[in-house]
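Observations on the three-dimensional arrangement
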Amino acid sequence: MLIARLLITVVLGAVSATAIGVRQLEIRLAGGESARVTLWYPSASSGQPVRMSDYLHLDGHKGDLGEVAAALIAKAPATVPSAMRAEALTSRFRALRDARPRAGRYPLVLWSVRHGTVSAQAYLSEALARAGFAVASVEPLAWKPRDDLRKHVAFLEQSIGELAKLPQIDAKRIAVIG
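Notes on the structure follow. Predicted, not measured: the structure shown is a model, and the values here were computed from it.

**Examining the overall build of the protein**
- Across its full length, the protein holds six helices and seven strands.
- Listing each helix as α and each strand as β along the protein from the N terminus yields α-β-β-β-α-α-α-β-β-α-β-α-β.
- Counting only residues that meet the buried cut, the protein has 46% of its 178 residues in that class.
- For the protein, the share of sequence-separated contacts (at least 6 apart) that also reach a separation of at least 24 residues comes to 74%.
- Counting only carbon and sulfur atoms, one obtains 56% of the accessible surface of the protein, whose full area is about 9,300 Å².

Shown next, in the form of structure tokens:
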């Protein structure tokens, strides 16, 4: 049922006018391993909208974000004019940084980020949060998920266990995508 609701939400664009928040936190897993979590969720408060530059920072990018934006826009980043780079970096998204979560428990959609990034998942993650889902992108800090599929699956299972402890997560309704 959760998968059907998820598909209807995405395919039909069935989103509500719910405010959404986004925050980043760190969780500890078995063996002392740490993971970075970006969490989108229905929100009850207002605040500053997240911009593309914020999402790139959440991805861990440092240095010239204009170069990163150009690489996202075109295969030949040098061809992207500086005005277009600046416009891309200041593009506003719907999420509000560190906004207070709306009361309630929400089904969790967990991104498997083997090949994705927070910025690449932002639009769909925001749409799902507006539709009433909590969306988590979980990245290990000590290794790359694409290196070992079995380790990645075990990592996702541990992550679900830790995320289910958050007060806004409905641990009985969880989907994994990616």
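Following the structure, the description resumes.
**Details of unusual backbone geometry**
- At Asp98, a position not held by glycine, the phi torsion is positive, near 55°.
- Mapped onto the fold, Asp98 is located in the loop between strand E4 (92-97) and strand E5 (106-112).
- On the basis of relative accessible area, Asp98 is assigned to the exposed category, the value being 51%.

**With respect to the pattern of salt bridges**
- What the rule picks out here adds up to five salt bridges.
- Among the ionic pairs, Lys165 bridges to Glu162, the shortest N-O distance being 3.0 Å.
- Assessed through its relative accessible area of 61%, Lys165 is described here as exposed.
- With a relative accessible area of 26%, Glu162 lands in the partly exposed category.

What counts as what
Residues numbered from 1 in each chain as written. Predicted model: local features only at pLDDT ≥ 70, side-chain atom pairs only at ≥ 80, totals over all residues. Heavy atoms only, no water. Helix = DSSP H or I, 4+ residues; strand = E, 2+ residues; numbered from the N terminus. Buried < 20%, exposed > 50% of the residue type's maximum accessible area, 1.4 Å probe, protein only. Contact = heavy atoms within 4.5 Å. Areas by Shrake-Rupley, 256 points an atom, 1.4 Å probe, with all protein chains shown as cover. Salt bridge = Lys/Arg side-chain N within 4 Å of Asp/Glu carboxyl O.

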